[in-house]
Amino acid sequence: MTSPATHLPAGYSLRVMEERDHPSIAAICKAVYPNEPPYSHAELVAHHRVFPEGQFVVQHDESQRAVGGHFTLIVRMKSFFLDDSWETVTAGDTFADHDPAHGETLYGADLIVDPNHQHHGIGRALTLAARELAVARRLWRMVGGSRMPGYGKYVNALPPDTYIARVKEGTLVDPVLTAHLHDGWDVLAPIRGYLPFDVESAGWSAVIDWINQNCPPPAGEEVDRLPRHRPL
Ligand SMILES: CC(C)(COP(=O)(O)OP(=O)(O)OC[C@H]1O[C@@H](n2cnc3c(N)ncnc32)[C@H](O)[C@@H]1OP(=O)(O)O)[C@@H](O)C(=O)NCCC(=O)NCCS
């Protein structure tokens, strides 16, 4: 695994989130999720209180502003259904289900990069920083729910698993799922209702995982064997 810093352009640095980053993070959210209220100060304080070392930002050094963030928590995946919503897995964005004593999975709750700073490797650096944390904590994988904002245009033409297969083979490009695939995530399954507000993805997401090859999996922990609430 290459070091996260090697993917950052000159003039940017990676660190954990501090309180002074909250306004910048809210501004990035407004830009990338215009239909959703941004993280509040109280929510970001809660993330930091629960798991400070799992909240990463990339800062633009000249302005000292955060231009990207990656927010994670440690969960015991067996406590969930495969198609649980983001709201459920993050305990209503409180991260109150962060369970470092029993959890085996680093959950990627969000990855955001300011549109003015995208396509420079910042998303990849934030992804690799979280993977370094998973390795340091001897967690055997990361799991997340990937938006697929290109799918809205295809929802009447292709079932979600066919759309994902086309994105994987490269015949379709999705602005978010393609980025995750390029960053070494695997798709486990399409799920509905993970982010109900996400009209661009037609309410669909892909459960994705990345395996820490240095750490053997606990028995019977395969995410894609978790029961679902809803049929595909
Ligand atoms: C997804 C996101 C975090 C990527 O951030 P980024 O800093 O632009 O990504 P990077 O520059 O590190 O690119 C990483 C890889 O993804 C690819 N990629 C990034 N954006 C892409 C796009 N729109 N389409 C296709 N590929 C893309 C890059 O080409 C690169 O792969 P490569 O090196 O093999 O070419 C960013 O687009 C974003 O914030 N999106 C909106 C918020 C969101 O939906 N987050 C995901 C929640 S699940």
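Not measured: the values here are computed from a predicted model. (Residues numbered from 1 in each chain as written. Predicted model: local features only at pLDDT ≥ 70, side-chain atom pairs only at ≥ 80, totals over all residues.)

Q: Before we move on, can you summarise the environment of Ala206 with the specific residues and values?
A: For Ala206, the location among the structural elements is in strand β7 (residues 204–211). Distance in space between the C-alpha atoms of Ala206 and Arg147 is 6.7 Å, their sequence separation being 59 residues. Other than its neighbours up to four places away in sequence, Ala206 contacts Ser146, Met148, Ile164, Leu177, Val187 and Pro190. (Helix = DSSP H or I, 4+ residues; strand = E, 2+ residues; numbered from the N terminus. Contact = placed C-beta atoms within 7 Å.)

Q: Let's hear about the site of the ligand: which residues, and what values?
A: Around the ligand, the structure places 21 residues, and the nearest of them are Gln118, Gly123, Arg124, Ala179 and His182. Per element, the largest residue contribution to the shell around the ligand is 4 residues, and it comes from strand β4 (residues 105–113). Of the residues belonging to the shell around the ligand, the class tally is 9 nonpolar, 8 polar and 4 charged. (Near = placed C-beta within 6 Å. Nonpolar A, V, L, I, M, F, W, Y, C, P; charged D, E, K, R; others polar.)

Q: Describe the sheet that holds strand β3 (residues 65–75), and please don't skip the residues or the numbers.
A: If you walk across this open sheet you meet the 7 strands as β1-β2-β3-β4-β5-β7-β6, and the pairing is mixed. Where the open sheet ends on each side, the last strands, each with one partner, are β1 (12–16) and β6 (186–192). Each neighbouring strand pair of the sheet contributes to a mean axis angle of 25°, computed without reference to strand direction. Sheet topology places β6 next to β7; 6 bridges connect them, and they run antiparallel. Looking across to β7, one finds that Val187 is bridged to Ile208. (Pairing = 2+ DSSP bridges. Axes fitted to C-alpha atoms, helices over the stretch in contact; angles between N-to-C directions.)

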